[in-house]
Amino acid sequence: MKVKRYIANNTQEAMLKVKMELGANAVILHSRKIKRPGITGFFKRPLIEMVAAIEENTEKKTNMQNEKRIIENHSEANKIEELQYQVGNIQNMLNNFINKMESTDKKNEFRRSELFEKYYNHLLDNNVEKSVVDKIMNIAKKQMSFSSENEEAINKAIKIIIREYLGDISPINENIVEQKRIVFVGPTGVGKTTTLAKLAAKLSIANNKSVGFITADTYRIAAVEQLRTYSEILGIPIKVIYEPEEIGAAIESYKDKDIILIDTAGRNHRALDQLEEIKKLISYIQNPDVFLVISAATGYKDTKSIIEAYKFMKDYHLLFTKLDETSAIGNILNTKILTGKNLSYVTTGQSVPDDIEVANPEKIADIIVGELHE
Ligand SMILES: Nc1nc2c(ncn2[C@@H]2O[C@H](COP(=O)(O)OP(=O)(O)OP(=O)(O)O)[C@@H](O)[C@H]2O)c(=O)[nH]1
Ligand SMILES: [Mg+2]
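All of the points below concern the structure found in this document.

So, how was this worked out
Residues numbered from 1 in each chain as written. Chains lettered and ligands numbered in written order. Predicted model: local features only at pLDDT ≥ 70, side-chain atom pairs only at ≥ 80, totals over all residues. Heavy atoms only, no water. Axes fitted to C-alpha atoms, helices over the stretch in contact; angles between N-to-C directions. Helix = DSSP H or I, 4+ residues; strand = E, 2+ residues; numbered from the N terminus. Left-handed = near helix turned anticlockwise from the far one by under 90°. Contact = heavy atoms within 4.5 Å. Nonpolar A, V, L, I, M, F, W, Y, C, P; charged D, E, K, R; others polar. Buried < 20%, exposed > 50% of the residue type's maximum accessible area, 1.4 Å probe, protein only. Phe/Tyr/Trp six-rings, centres within 6.5 Å; stacked < 30°, edge-to-face > 60°.

### Some points on the packing of helix H12 (residues 300-309) against helix H13 (residues 330-339)
Close contact between H12 and H13 brings their axes to 10 Å; oriented N to C, the two are set at 35°. For the crossing formed where H12 meets H13, the hand is right-handed. Across from Tyr-300, Thr-303, Lys-304 and Ile-307 in H12, the residues of H13 making contact are Asn-331, Asn-334, Thr-335, Leu-338 and Thr-339. Its residues assigned to classes, the contact of H12 with H13 shows three nonpolar, five polar and one charged.

Next up, the structure:
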């Protein structure tokens, strides 16, 4: 018994191949559609795989003489026995073949789901929220076949999906002629004052902008001193306000400045009365540009309550600090999706003014997904 597998563009072509090679007596054991190899194959019409068998003796016994000889040599009973034996053989072969096919399919499927699981878990490990991971992986699954030869493309596809979710960025636009009033708000100790100093240095030194500081953080003596130190180093004037109502006059006195950077006291997002003061302060500023500062190391649960606490702000930019303190930065993506607000900057260390950069969605996606491993 001879079994052969044929691959052709369509069923007719496959049948032709079978007939040409095995002759008209060949039996078709199995036929199915299969994907073309490679990434581009995914998008093309499938190929036809056909498995055919032929009894080797039959192949040779092409003339009547041979058949006659069999009849002469065997009694009628023997002939039936032999036929039964042959049918049994074909049946066994067919069963073996189908089993083999099924187990290959299962193996491929297993490998596919193994790769899917790998990326699914990797995103979870990087603090991407489960509901977000589901979204990303569902899109990826629709676009790609999760087979091992596709891993490079899968890795890229997931990065592109994340990059799309991260959306546009909106750092400070220095080209706008109108005066900018930039307010930094956020939880305690996330790096608001340090970030403000980093940006002040960049804007005044690199971009030649005239900058003024206002601090509304008079809760800690050290807080004013902290900003005053930067003010002295950078040669940027500073005004201290004790009540939200004083902000109008402070802004008025900076008429000549291109950019006013306003520092606020860190707020416990669970202390609603403290947030009222921030709300009031923002309401006294005309056309404010608010930056909500969050540490990249904050967990999703806390981020959600921070976002909830600041929901009185209609418009703001997201600014993530301390990327150097965590390798799992998936929460940036979660927060972006949760708020729909644009990313602005990320900070990557304590050093003023160096450790700040404009948020780069490609880079963030690269860090979240990582390179191909093993
Ligand atoms: N590792 C790291 N530390 C940072 C970063 N940004 C700020 N810090 C440090 O975080 C600490 C707090 O920074 P601040 O700028 O005082 O934070 P803040 O949000 O103004 O704090 P409050 O005004 O008290 O709410 C300081 O030790 C900073 O040096 C960063 O990107 N990475
Ligand atoms: Mg501060």
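### Comments concerning H13
Each full turn of the α-helix corresponds to 3.6 residues, which orients residues three or four apart in the same direction. Of all 10 residues making up H13, eight are buried, and the element is well covered by its neighbours. Every buried residue belonging to H13 is among Gly-330, Asn-331, Ile-332, Leu-333, Asn-334, Thr-335, Lys-336 and Thr-339, and all of these are buried.

### As for the packing of aromatic side chains
Remark: the centre distance and the inter-plane angle together describe each pair of aromatic rings, the angle taken between the planes. Per the counting criterion, the structure on display carries five aromatic pairs. Ring geometry for Phe-184 against Phe-291: centres 5.7 Å apart, planes inclined by 25°, an arrangement best described as stacked. Residue Phe-184 is found in strand E4 (residues 180-185), and its partner Phe-291 is found in strand E8 (residues 288-295); the two are separated by 107 residues along the sequence. For Phe-184, a relative accessible area of 0% gives the class buried. What makes Phe-291 buried here is its relative accessible area of 0%.

### Structural notes on unusual backbone geometry
Note that the residue after Val-352, namely Pro-353, is joined by a cis bond; omega there is 5°. Mapped onto the elements of the fold, Pro-353 is located in the loop between strand E10 (343-347) and strand E11 (356-358). In this structure, Asn-127 takes a positive phi of about 70° despite not being glycine. In this fold, Asn-127 is placed in the loop between helix H5 (76-125) and helix H6 (130-143). Of the residues examined, Asn-127 reaches a relative accessible area of 38% and is grouped as partly exposed. Located in the positive-phi region is Asn-287, a residue other than glycine, with phi close to 45°. Looking at the element boundaries, Asn-287 is found in the loop between helix H11 (272-283) and E8.

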